[in-house]
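Reading the structure
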Amino acid sequence: MIAHTIQLALAPVFMLVAIGNIMNILSTRLGRTVDRARKLQDLHAATTGDEHDLVVQEIRTVDRRIHLITRSILFLVIGCLAIGTTVAILFVEELFDYPLEKVAAGFFLVAVGLLMAGLTLFLREIRIAAASLRIDRNLLELHRKL
């Protein structure tokens, strides 16, 4: 029966791998965003007028992105802990012959919910990043045929 439990544990483990890959992407984005924030902090003191206002606007956007990324990572880490708990419960159930299927299912559902919440925050961060990096239509010179 341990073989059956190992088979049951494979799906949550594959989910852990997927979440790990997503967290790798998020941590890379976080690093780049933090680097941009540091550069903007230097510009903050060196600018005035309209240029300063643009720097402040971008600092606010970067701050929002950092918040979304760190919150997404938090949800994904807690989801990973729920998946680990699911796997542990499956083995405890098998080893001690105690019915814990519903508990394991509950933890797995929590993990899926946290994954969905983390991905939703990730999507929001991407949309903010894309909106803040829109290229001015004049620079595209769409009237010209290239």
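A brief look at the structure comes next. Bear in mind that the values here come from a model prediction, so they are computed numbers and not experimental data.

Conventions adopted
Residues numbered from 1 in each chain as written. Predicted model: local features only at pLDDT ≥ 70, side-chain atom pairs only at ≥ 80, totals over all residues. Heavy atoms only, no water. 1 Å grid on protein atoms, 1.4 Å probe; cavity = no way out; pocket = protein on both sides within 12 Å on 5 of 7 lines; lining within 4 Å. Points joined across faces, edges and corners; volume = space filled by probe spheres on them. Nonpolar A, V, L, I, M, F, W, Y, C, P; charged D, E, K, R; others polar. Salt bridge = Lys/Arg side-chain N within 4 Å of Asp/Glu carboxyl O. Helix = DSSP H or I, 4+ residues; strand = E, 2+ residues; numbered from the N terminus. Buried < 20%, exposed > 50% of the residue type's maximum accessible area, 1.4 Å probe, protein only. Contact = heavy atoms within 4.5 Å.

Moving on, we come to the layout of surface pockets. Space inside the largest pocket adds up to approximately 260 Å³. In terms of lining, the largest pocket is formed by Arg 29, Arg 32, Thr 33, Arg 36, Glu 58, Thr 61, Val 62, Arg 65, Ser 132 and Leu 133. Class assignment for the residues of the lining of the largest pocket results in 2 nonpolar, 3 polar and 5 charged. Volume-wise, the second largest pocket comes out at about 150 Å³.

A few words on the pattern of salt bridges. With the rule as written, the count across this model stands at 5 salt bridges. As a salt-bridge pair, Asp 35 and Arg 38 come within 3.8 Å of each other at their nearest N and O atoms. In this pair, Asp 35 and Arg 38 both sit in helix α1 (residues 2-46), 3 residues apart, roughly one turn of the helix. The partly exposed category is assigned to Asp 35, whose relative accessible area is 46%. As a salt-bridge pair, Arg 36 and Glu 58 come within 2.7 Å of each other at their nearest N and O atoms. Taken together, the residues Arg 36 in helix α1 and Glu 58 in helix α2 (residues 49-96) connect sequence positions 22 residues apart. Overlapping salt bridges, with partners in common, bring together Arg 29, Arg 65 and Glu 125 in one network.

A separate point is the environment of Asp 53. Looking at the secondary structure, you find Asp 53 in helix α2. Note on Asp 53: relative accessible area 45%, which makes it partly exposed. Put simply, Asp 53 and Arg 65 are 12 residues apart on the chain and 19 Å apart in space, counted from C-alpha to C-alpha.

All right, on to the side chain of Thr 33 then. Along the chain, Thr 33 turns up in helix α1. Overall, the relative accessible area of 2% leaves Thr 33 in the buried class. Beyond its immediate sequence surroundings of up to four residues, Thr 33 is in contact with Val 62, Arg 65, Ile 66 and Ile 69.

Let's shift gears to unusual backbone geometry. Unusually for a residue other than glycine, Asp 97 sits at a positive phi of about 50 degrees. Residue placement: Asp 97 occurs in the loop between α2 and α3 (101-132).

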